[in-house]
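If you want the building blocks of each chain, they are given just below.
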Amino acid sequence: MKKVKILYKNEIKEVDDEFAVEMAKMAKLALPKIPIILWLSRHEPLPAQIQFLRQKIPHCAVIQYPYPLSTANDAVKLIQQFQADYVIPVLPLSFIAHLVQESKKHSFIILKAEMELLHNCSTETPFHGYSCPEYVEHMDVVMQSKDMQTEQTIYRHFRFREFVKLVDIIIKTEPF
Ligand SMILES: [Zn+2]
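Residue numbers run consecutively from 1 along every chain, following the written order of its sequence. Predicted model: local features are reported for residues with pLDDT of at least 70 only, side-chain atom pairs are reported and counted for 80 or more only, and whole-chain, interface and lining totals are derived from all residues.

### What about the domain arrangement of the protein?
For the record, the criterion: The domain limits used here are those given by an automatic or database domain assignment. Contacts are defined on C-beta atoms placed from the backbone: any two residues whose C-beta positions lie within 7 Å are in contact. Segments assigned H or I by DSSP are reported as helices when at least four residues long, segments assigned E as strands when at least two residues long, and all are numbered from the N terminus. When residues are sorted by character, Ala, Val, Leu, Ile, Met, Phe, Trp, Tyr, Cys and Pro go into the nonpolar class, Asp, Glu, Lys and Arg into the charged class, and all the rest, Gly among them, into the polar class.
What the domain assignment lists for the protein is domain 1 (3-113) and domain 2 (115-160). Placing a centre on the C-alpha atoms of domain 1 and another on those of domain 2 gives a separation of 28 Å. With 5 residues of domain 1 in contact, the opposing surface of domain 2 contributes 5 residues. For the side of domain 1 that touches domain 2, the element with the most residues is helix α2 (residues 47-56), which contributes 3 residues. Here the residues of the side of domain 1 that touches domain 2 sort into 4 nonpolar, 1 polar and no charged.

Below, the structure is given as structure tokens:
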């Protein structure tokens, strides 16, 4: 049994996944129907992201499933279990490409967060980039990575802009 988080109205509840599946069934029977958004990431949504979703999809419930998935089929299974109308996957591109194919067969919509790279935060300030004067807590993410050549830590500062529907991933090739 795994714990998942359900965000509905102004409440966040941590419940067993089986219980969440039962709640999802009830949500489908509610009038009006409660749209279900499945959030596949160990990172919690930003407040600005939740606000955006609520504006676009009123009365939605967000189920956060924070565990790693080994195949794209696992993601599809979860989407079906939770009867998700929308899925927000923070997963490798190969996973997402598979999900896009599945979304055409089933009736779920894939949403992608558009994060704008503002800059690399100054590393002169000693801590994590959160000391960045431009950091806005409810809409920003600072991602830490390492410059392979200089071994220096880089803090990439992103800002959430919007969610878009992911309708296709196209792989283009040319003769080699
Ligand atoms: Zn910054």
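On we go from here.
### Things to note about the pairing of strand β7 (residues 140-146)
Stated precisely, the cut-off is as follows: For two strands to be treated as a pair, DSSP must find at least two bridges joining them.
Examined bridge by bridge, β7 and strand β8 (residues 153-165) share 7 bridges and lie antiparallel to one another. Looking at β8, one finds that V142 is bridged to H157. Hairpin connection between β7 and β8: a loop of 6 residues separates the two successive antiparallel strands, and E151 in this loop has a positive phi of roughly 65°.

### Section: helix α3 (residues 72-81)
To keep it simple, the criterion reads: Partly exposed residues are those whose C-beta has more than 12 but fewer than 20 other C-beta atoms within 10 Å; with 20 or more the residue is buried, with 12 or fewer it is exposed, and the C-beta atoms are placed from the backbone. To obtain the arc, one takes the directions from the helix axis to the C-beta atoms.
Among the residues of α3, those classed as buried are A72, A75, V76, L78 and I79. Projected down its long axis, α3 shows its buried positions confined to an angular sector of 160°, all on one face. Facing away from the buried side of α3 by over 90 degrees, the exposed positions are K77 and Q80. Lining the buried residues of α3 we find β3 (36-40), β4 (61-65), β5 (86-89) and α4 (93-105).

### Examining the pairing of β3
Strand residues, when the strand is regular, have side chains that alternate between the two faces of the sheet. Stated formally: By the criterion used throughout, a crossover qualifies as right-handed when its path from the first strand across the helix to the second strand runs clockwise, the strands pointing away from the viewer.
Counting buried residues along β3, 5 of its 5 residues qualify, which places the element largely inside the surrounding structure. Residues of β3 alternate between two faces, with I36, L38 and L40 on one and I37 and W39 on the opposite face, all of them buried. Looking at chain direction, β3 and β4 are connected through 5 bridges and run parallel. From the neighbouring strand, I36 faces β4, where its bridge partner is A61. In this view, the connection linking β3 to its parallel neighbour β4 by way of α2 has right-handed handedness.

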